[in-house]
Amino acid sequence: MKQSVDDRAAMLGEYIVRNKATVRRAAKQFGVSKSTVHKDVAERLRHVNLGLYKEVRDVLAVNKARRHIRGGMATKRKYEHKGK
C-alpha cells in the first residue's frame, strides 16, 4: 500500500522531532531527496498537523543555527586527516 504525501510529511516530521535530525539525515533515512523533505515539513506538514509543524520548525532552526559549527568541524577533520 502506497502512503500518501500527507502521511509521509507527518512521518518525516515525527522522525525529525524525535531524533533532532537534520533534513539531510531524514532524507537519507526515508530514501527521498532533501528537497522533498524540506517541502514536506516546511509546507505540507503545516496543513496536516500544525503542532508537529511548529516542533519541526524549532528543531530545524536549531540545526540551521549550528550548521556553521558542524561545517567547521568537518573541515578540521579533513585537514587533520590530510596531515597524517
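The notes below deal with the structure included here. (Residues numbered from 1 in each chain as written. Predicted model: local features only at pLDDT ≥ 70, side-chain atom pairs only at ≥ 80, totals over all residues. Heavy atoms only, no water.)

## Observations concerning the overall build of the chain
- Regarding its fold elements, the chain presents four helices and zero strands.
- In sequence order, the secondary structure elements of the chain are arranged as α-α-α-α.
- The C-alpha radius of gyration of the chain comes to 15 Å, more than 25% above the 12 Å expected for a compact globule of 84 residues.
- Counting only C-alpha atoms, the chain reaches 50 × 30 × 20 Å along its principal axes.
- When contacts within the chain are restricted to residue pairs at least 6 apart in sequence, long-range pairs at least 24 apart make up 56% of them.
- Accessible surface, the chain as shown: approximately 6300 Å² in total, 52% of it carbon and sulfur. (Helix = DSSP H or I, 4+ residues; strand = E, 2+ residues; numbered from the N terminus. Rg over C-alpha atoms; globule rule 2.2 N^0.38 Å. Contact = heavy atoms within 4.5 Å. Areas by Shrake-Rupley, 256 points an atom, 1.4 Å probe, with all protein chains shown as cover.)

## Remarks on the layout of surface pockets
- Each pocket or cavity is described by its volume, and for the largest pocket that value is around 470 Å³.
- Surrounding the largest pocket, 16 residues form its lining, V23, L60, N63, K64 and R67 being those nearest its centre.
- Those elements that provide at least two residues to the lining of the largest pocket are α2 (23-30), α3 (34-48) and α4 (50-82).
- The element that contributes the greatest number of residues to the lining of the largest pocket is α4, accounting for nine residues. (1 Å grid on protein atoms, 1.4 Å probe; cavity = no way out; pocket = protein on both sides within 12 Å on 5 of 7 lines; lining within 4 Å. Points joined across faces, edges and corners; volume = space filled by probe spheres on them.)

## Topic: the packing of α3 against α4
- The contact between α3 and α4 brings their axes to 6 Å, and the two run at 150 degrees. Overall, the two elements α3 and α4 adopt an arrangement that is roughly antiparallel. Each of V41, A42, L45, R46 and V48 in α3 lies in contact with α4, whose residues at this interface are L50, L52, Y53, V56 and L60.
- In terms of residue class, the contact of α3 with α4 is built from nine nonpolar, no polar and one charged. (Axes fitted to C-alpha atoms, helices over the stretch in contact; angles between N-to-C directions. Parallel < 35°, antiparallel > 145°, perpendicular 65-115°, else oblique. Nonpolar A, V, L, I, M, F, W, Y, C, P; charged D, E, K, R; others polar.)

## Some words on the environment of A9
- Among the secondary structure elements, A9 is positioned in helix α1 (residues 5-19).
- Overall, A9 belongs to the buried group, its relative accessible area being 0%.
- In this structure the C-alpha to C-alpha distance between A9 and A21, which are twelve residues apart in sequence, comes to 14 Å. (Buried < 20%, exposed > 50% of the residue type's maximum accessible area, 1.4 Å probe, protein only.)

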